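Overview (structure and organization)
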Amino acid sequence: MFRDRDFDPKGALPAAAATLTQDLGLDVLLDAMAAGDEFVRGVARQAILAGLREPAEIDYRQRILADCLEQPALVREMYALAVEAIERERKIWGWTLNRYPEGLLHRSLDVLGMLLELLARLRRVADEHAPAFRSEGFARFFRMLAEELDDAYLEKVKEQLAHLEFREGVLMSAALGAGNKGTRYVLRKPREGRPSLLQRLQAWVEQVTTTERTSFVYQVADRDEAGLQALADLRSRGVALIAASLGQSADHILGFFGMLRTELGFYVGCLNLRDRLSAKDEPIAMPEPLPAGADALRARGLYDVSLSLALRERAVGNDLSADHERLVMITGANRGGKTTFMRSVGQAQLMMQCGLFAPAESFCAAACAGLFTHFKREEDPGLRSGKLDEELARMSAIIDQVRPRSLVLLNESFASTNEREGSQIARQVVRALLEAGVRVLYVTHLYDLAQGFYLSDRETALFLRAERLSDGRRTFRLIEGEPLPTSYGADLYRRIFDEARTAESVDAGGGSAAAPGSAAEEGSAAPAGSGVAEGSVAAAGSAAAEPAHGARVAGLQPALRK
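Residues numbered from 1 in each chain as written. Predicted model: local features only at pLDDT ≥ 70, side-chain atom pairs only at ≥ 80, totals over all residues. Heavy atoms only, no water.

1. Notes on the packing of aromatic side chains
In total, this model carries 7 aromatic pairs according to the counting rule given. Where F133 meets F142, the ring centres are 5.2 Å apart and the plane angle is 65°; that geometry is what we call edge-to-face. An identical accessibility class is assigned to F133 and F142; each is buried. Plain terms: the ring middles of F141 and F142 are 5.5 Å apart, the flat faces sit at 50° to each other, and that makes the pair tilted. One exposure class covers both F141 and F142, and it is buried. (Phe/Tyr/Trp six-rings, centres within 6.5 Å; stacked < 30°, edge-to-face > 60°. Buried < 20%, exposed > 50% of the residue type's maximum accessible area, 1.4 Å probe, protein only.)

2. A closer look at the sheet that holds strand 7 (residues 362-366)
Taking strand neighbours across the sheet as the criterion, the 4 strands line up as 3-7-4-5 in an open arrangement whose pairing is mixed. Each edge of the sheet is formed by a strand with only one pairing partner; in this case those strands are strand 3 (288-290) and strand 5 (318-321). With strand direction ignored, the average angle separating the axes of adjacent strands in the sheet is 15°. Set on the sheet, helix 12 (residues 338-353) makes contact with strand 3, strand 4 (297-302), strand 5 and strand 7; between it and strand 7 the angle comes to about 75°. (Pairing = 2+ DSSP bridges. Helix = DSSP H or I, 4+ residues; strand = E, 2+ residues; numbered from the N terminus. Axes fitted to C-alpha atoms, helices over the stretch in contact; angles between N-to-C directions. Contact = heavy atoms within 4.5 Å.)

3. Focus on helix 2 (residues 26-34)
Within the span of helix 2, buried status applies to L26, L29, L30, A32, M33 and A34. Along its buried surface, helix 2 packs onto helix 1 (17-23), helix 3 (38-49), helix 10 (225-279), helix 11 (305-310) and helix 12. The positive-phi residue at the C-terminal boundary of helix 2 is A35, with phi of around 50°.

4. Side note on the pairing of strand 6 (residues 327-332)
Of all the 6 residues making up strand 6, 6 are buried; the element is thus mostly covered by neighbouring parts of the structure. A two-sided burial pattern is seen for strand 6, the buried positions comprising L327, M329 and T331 on one face and V328, I330 and G332 on the other. Bridge count between strand 6 and strand 10 (residues 439-443): 4 bridges; the pairing is parallel. Bridge pairing in strand 10 links I330 to V443. Bridging between strand 6 and strand 11 (residues 461-468) involves 6 bridges; their strand directions are parallel.

Structure below.
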């Protein structure tokens, strides 16, 4: 995942990681990438939230991803090999005996034998399929396997492991130290091959007939437990160094498979996400990352990937062209797709900066120094502070962390107070951010705020509006336009309470059709392939569950329509 270092799955995350996950709906995205594998989910979360800053690093990772998208079966096979290595090592008996040299030796031999088998299988994958991969990352990986794990090396390792089983006993030397205690224990290379019967007979004859002996043999009786223990201690002293060395070798190779599992886990998560989106015919595109000073931000067909994953239908995509605008102000009809669009921009920025594809037909943006979100929150159930206090505290935390070339997404910020005060606070905050070189996207219903910026900054800012058709239907698309003094809340009123009144009539046996402007009519006329945005179905359902209340307030509708 990096050209010059390993990916750290436990690295530090930005302080705003939890807020980003909540505001941008990243849990749905991460679940789709994991596909039930919690390890993949953890790696994906780390990669997405601790994104890259340099376009060269993003491009390096994107090229590897392009190989993975073309060869998904091979990538999954290599990932499965890494997982198999980790799982099989855990099942090898003897880990409780690691503090004893003999136990460590035998367990290390078992682990190394198993890992050697998997290394050979990985080498075969590299030999057969390396030409199909074109990225620098995979080319270096396969070249390393070919050079360091050639047939001669693997065969030599097998021979050494066979010798270290000591089937013919342990050959070692030692010296007598102070107090006739053994010292300088050295494990000797075993004799080449097992001596023949004739050689053993000659050695026995020499031992019997020779008066000057150069070696001595001590035979421990079968029932001499103390002698057997002393002999075992001598053997342990001899194999201690080689056992420790083998243990380190096993850990080193196991660490290689662990890192292979980690880095391939990210790309497996990318494949899982691609498969989910492809099943819905949702477009994906490899984004174009530009340096932080490029001020680029443009997209075509950009959609909220988490919303799409939660819907049966495809999500509505939007176009964006804000290459030189540091401020994007988004206004318009309630439940028209504004927050959804805001989330899609944040998701695409994070996905691009971790080397992932973007949920769009095309996406190009400058790599930002940091991404921050300030979305509206529900009332504090503990009543420890008011909503405005809480909003200001969160904004203060963002100001402490934000740097030039950052991206800040504000969603209905400071709407918890009256419009005059909220607009004044927001205006000062936005001005300060813009002067500090920060790009700001702001979804707001504060007309005074939006109109003020439109009159003073229309040449340097982009103003988008949630589209509303003449009959009140939402297309969930954003168009360029001047802020309007209304968010068309009356549309929601008529839809919710008319549906409640219709439901009451049906319950009474009236069987009447859906009223004009109701949720049923609006849903049936929605654009093909569009998804429900910002919880409109849930709102309609909650009103329908209380027809009596809808009947009580229905008398207000004629006055409201006037």
